[in-house]
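Coordinate analysis (summary)
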Amino acid sequence: MIYFIVFICGAVVMSFEILGSRILAPNFGNSVFVWGSLISIFLTGLSAGYYLGGRIADIRPSSRKLGLIIIAPGVLLLTFPLYSGPVSDWIFMKDIGVRSSPLLASAILFLVPSVFLGIVSPYTAKLMICSLHTSGKTIGTLYALSTFGSIIGTLVTSFYLITVAGVSFLIMGQGILLIVLAMPLLFMNLRCNINNTE
Amino acid sequence: MLQKIYLIIFCFILFPFEGFALEPAEKLLMERNSLYQYIAVTEDTSKHKRYLRNNKKGLIQGVISLDAPGKLLFEYTQTSFVSLAFLQMNPTDVLFAGLGIGAMPGYMNRYYPEANIDVVEIDTDIIQVAKEYFYFKENKNLMVHPGDARQFIKRSKKKYDIIFLDAYQSDYIPFHLTTVEFLREVKNILEDNGVVVSNILSPNRNKFFDSMIMTYKKVFPYLYIFKGKTAGNFVFVVTKSSDLKDKDGIETIAKKIQSLKKFDFDLPETVSRFEHSMAYEWSGADILTDDFAPVNLYKYQDSEAK
């Protein structure tokens, strides 16, 4: 279950990033500055998320909390079309420069969801580690699944999804996917008890 | 195993990546990677022609004859000037989205020196190359504005009589310059009697072509199509006004302009390829929007209209 969630979260991050370029293009073009902004903001979000996630995971971790962590970006993505247009139009009107405009737009639109998705990795690691003897294996598997999800998310989105459905629809769909996936976590107790015997 | 690897490396040293399959008489004058694309200028010493390329092979973006640098060599560049015959008077404000080698803006400027011509080009390296290798010059009535065409059009306070859309990334139009939303923005800065001309490259009629037709039709009342003699070159002309033009009327005006301006190509002959879009319209084609515009894929899919 958790493995699957990690995979999906990895996929959603990259899929959202690819779709993000489509969101920005009407106002900021398709230039290298747009891509640079997008990628750097997503990585900023992820690294902040990893750090925060590690800290949060040490405070009484539970699958219920994990559920909430995943539902948060789910809601943001589900409501994304409501605010993405106004935000990019507003920055377009401000016109703060060819580099700053897409960077600011990316920060407002994509930073918070990617922080939450970043939290998922260390948090699930904490939940999944049942013994310190196999912790390396557990963490390695989670990393691999998350990145593999990202690969699939990138390919499926850019090769296929973008050619069959609208960008808003896809982003909302991902929001729903995250929420649906996280719902059962709210009622589960998936935590492994090491209980610090060592 | 190791030997095999050495052998492969050795082969690469012997045969370095072939940059070009150039004709023997063609030599490379410059090549560069700009922020947006690969740019190469080559020259055919026997034909006395100079080319701009964005791609290691095939597709040529622009060409001039060194003996007559002002001439329009590409068919679509000549055809684009049929737009003049759709106007009530001489153009006073003209916009080009995409500079390329600057052939069309330069030509316009030479024959209509009093017209104000704005060119928007995203790639400053292209601007430099056009000036350095293709005899393009700016003057007070011909100005190049570096930037994204869509942003320029959205911000423009000025209205134009003719808007030429010819912004290509290698062999495709960036998706944000193909959508209904974009065309509405274009329409906003078009004079009431104005005309938009667009170069649509569609080797074998493909889905992109079908979608472009329906997208233009969604925004503008009438679409006229000029099919190139060479395969896959289409020039789209749309007007903002809702009176339908007919071939005879346009031809008459074209003849008048030709006798006045004495273009070095046959404008009335180009006009004779006038077609209404009806024959090409296919309601099954997707209208391209900011939300949904798979331009890269549609270029490779054959039209489903039969």
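Since the model is a prediction, treat every value here as computed from it, not as a measurement.

1. Quick word on the overall build of chain B
- On a plain count of helices and strands, chain B comes out with ten helices and twelve strands.
- Taking all 306 residues of chain B together, 53% fall into the buried category.
- Within chain B, contacts between residues at least 6 apart in sequence are counted, and of these 66% link residues at least 24 apart.
- Summed over its atoms, the accessible surface of chain B is roughly 14300 Å², and 56% of this surface lies on carbon and sulfur atoms.

2. Quick look at the environment of Tyr50(A)
Residues and elements named next belong to chain A.
- The topology assignment puts Tyr-50 in helix H2 (residues 32-57).
- Spatially, the C-alpha atoms of Tyr-50 and Tyr-123 are 8.5 Å apart, while their sequence positions differ by 73 residues.
- The residues touching Tyr-50, leaving out its near neighbours within four places in the chain, are Gly-118, Ile-119, Ser-121 and Pro-122.

3. A short note on the sheet that holds strand E1 (residues 26-33) of chain B
All names here are of chain B.
- Spatially, E1-E2-E3-E4 is the arrangement adopted by the four strands of the open sheet, whose pairing is antiparallel. Two strands in the sheet have a free side with no partner beyond their single neighbour: E1 and strand E4 (60-65). The sheet shows a mean angle of 15 degrees between the axes of neighbouring strands, direction not considered.
- Here E1 runs beside strand E2 (residues 38-44); their pairing, made up of seven bridges, is antiparallel. Residue Leu-28 lies in a different strand from E2, and its bridge partner there is Thr-42.

4. Re empty space enclosed by the protein
Residues and elements named next belong to chain B.
- Going through the model one piece at a time under the given rule, you end up with three cavities of 30 Å³ or more.
- The volume enclosed by the largest cavity comes to roughly 80 Å³.
- Ala-97, Leu-165, Asp-166, Ala-167, Tyr-168, Ile-173, Leu-177, Phe-182, Ser-198 and Tyr-216 together form the lining of the largest cavity.
- When its residues are assigned to classes, the lining of the largest cavity shows eight nonpolar, one polar and one charged.

5. Description of a nonpolar patch on the surface
- Taken together, the side chains of Phe148(A), Ile151(A), Leu155(A), Val156(A), Phe159(A), Tyr160(A) and Val164(A) make up a nonpolar region of the molecular surface, amounting to roughly 700 Å² of accessible area.
- Following the sequence through the fold, Val156(A) ends up in helix H6 (residues 135-164).

6. Section: helix H5 (residues 100-128) of chain A
- Between the first and last C-alpha of H5(A) there are 41 Å, a value that for 29 residues agrees with the 42 Å anticipated at 1.5 Å per step.
- Of all the bends in H5(A), the greatest, near 45 degrees, is centred on Phe110(A), and the proline Pro113(A) appears no more than four residues after it.

7. A word on the interface of chain A and chain B
- Taken together, the contact between chain A and chain B spans 21 residues of the former and 16 residues of the latter.
- In total, chain A and chain B occlude about 1600 Å² of area from one another, counting both sides; carbon and sulfur atoms represent 56% of this.
- If you sort the residues of chain A by the area they bury against chain B, Arg22(A), Pro26(A) and Phe92(A) come out on top, with a joint share of 36%.
- In this assembly, chain A and chain B are joined by one salt bridge.
- The closest approach of N and O atoms between Asp95(A) and Arg155(B), which form a salt bridge, is 3.4 Å.
- The tally of links between chain A and chain B comes to eight residue pairs in polar contact (both at pLDDT 80 or more).

8. With respect to the packing of helix H3 (residues 63-78) of chain A against helix H7 (residues 167-186) of chain A
Residues and elements named next belong to chain A.
- Where H3 meets H7, the closest approach of the two axes is 7 Å, and the angle between their N-to-C directions is 165 degrees. Between H3 and H7, the crossing angle belongs to the class labelled roughly antiparallel. Regarding H3 and H7, the two cross each other, and that crossing is left-handed. Packed against H3, whose contacting residues are Ser-63, Arg-64, Leu-66, Gly-67, Leu-68, Ile-70, Ile-71, Pro-73, Gly-74, Val-75, Leu-77 and Leu-78, the element H7 presents Ile-171, Met-172, Gln-174, Gly-175, Ile-176, Leu-178, Ile-179, Ala-182, Met-183, Leu-185 and Leu-186 at the interface.
- Along the lines of polarity and charge, the residues of the contact of H3 with H7 split into 17 nonpolar, five polar and one charged.

9. Some words on the domain arrangement of chain B
All names here are of chain B.
- What the domain assignment lists for chain B is domain 1 (18-65) and domain 2 (75-298).
- The C-alpha-based centres of domain 1 and domain 2 are spaced at 25 Å.
- The largest per-residue losses of area from domain 1 upon contact with domain 2 belong to Arg-32, Tyr-36 and Ile-64, which jointly make up 32% of the total buried on that side.
- One salt bridge connects Arg-32 with Asp-125, and the closest N-O pair in it is separated by 2.7 Å.
- Between the two partners, domain 1 and domain 2, sit six residue pairs in polar contact (both at pLDDT 80 or more).
- Every element with two or more residues in the side of domain 1 that touches domain 2 is listed here: E1, E2, strand E3 (49-53) and E4.

Thresholds, definitions, all that
- Residues numbered from 1 in each chain as written.
- Chains lettered and ligands numbered in written order.
- Predicted model: local features only at pLDDT ≥ 70, side-chain atom pairs only at ≥ 80, totals over all residues.
- Heavy atoms only, no water.
- Helix = DSSP H or I, 4+ residues; strand = E, 2+ residues; numbered from the N terminus.
- Buried < 20%, exposed > 50% of the residue type's maximum accessible area, 1.4 Å probe, protein only.
- Contact = heavy atoms within 4.5 Å.
- Areas by Shrake-Rupley, 256 points an atom, 1.4 Å probe, with all protein chains shown as cover.
- Pairing = 2+ DSSP bridges.
- Axes fitted to C-alpha atoms, helices over the stretch in contact; angles between N-to-C directions.
- 1 Å grid on protein atoms, 1.4 Å probe; cavity = no way out; pocket = protein on both sides within 12 Å on 5 of 7 lines; lining within 4 Å.
- Points joined across faces, edges and corners; volume = space filled by probe spheres on them.
- Nonpolar A, V, L, I, M, F, W, Y, C, P; charged D, E, K, R; others polar.
- Patch = residues over 30% accessible without salt bridge, like charges linked within 9 Å, V, L, I, M, F, W, Y side chains within 5 Å.
- Salt bridge = Lys/Arg side-chain N within 4 Å of Asp/Glu carboxyl O.
- Expected span 1.5 Å × (residues − 1).
- Bend = angle between axes of the 7 residues up to and from the residue.
- Buried area = accessible area lost by both parts, 1.4 Å probe.
- Polar contact = N/O pair within 3.5 Å; in protein donor to acceptor, adjacent residues only side chain to side chain.
- Parallel < 35°, antiparallel > 145°, perpendicular 65-115°, else oblique.
- Left-handed = near helix turned anticlockwise from the far one by under 90°.
- Domains from an automatic or database assignment.

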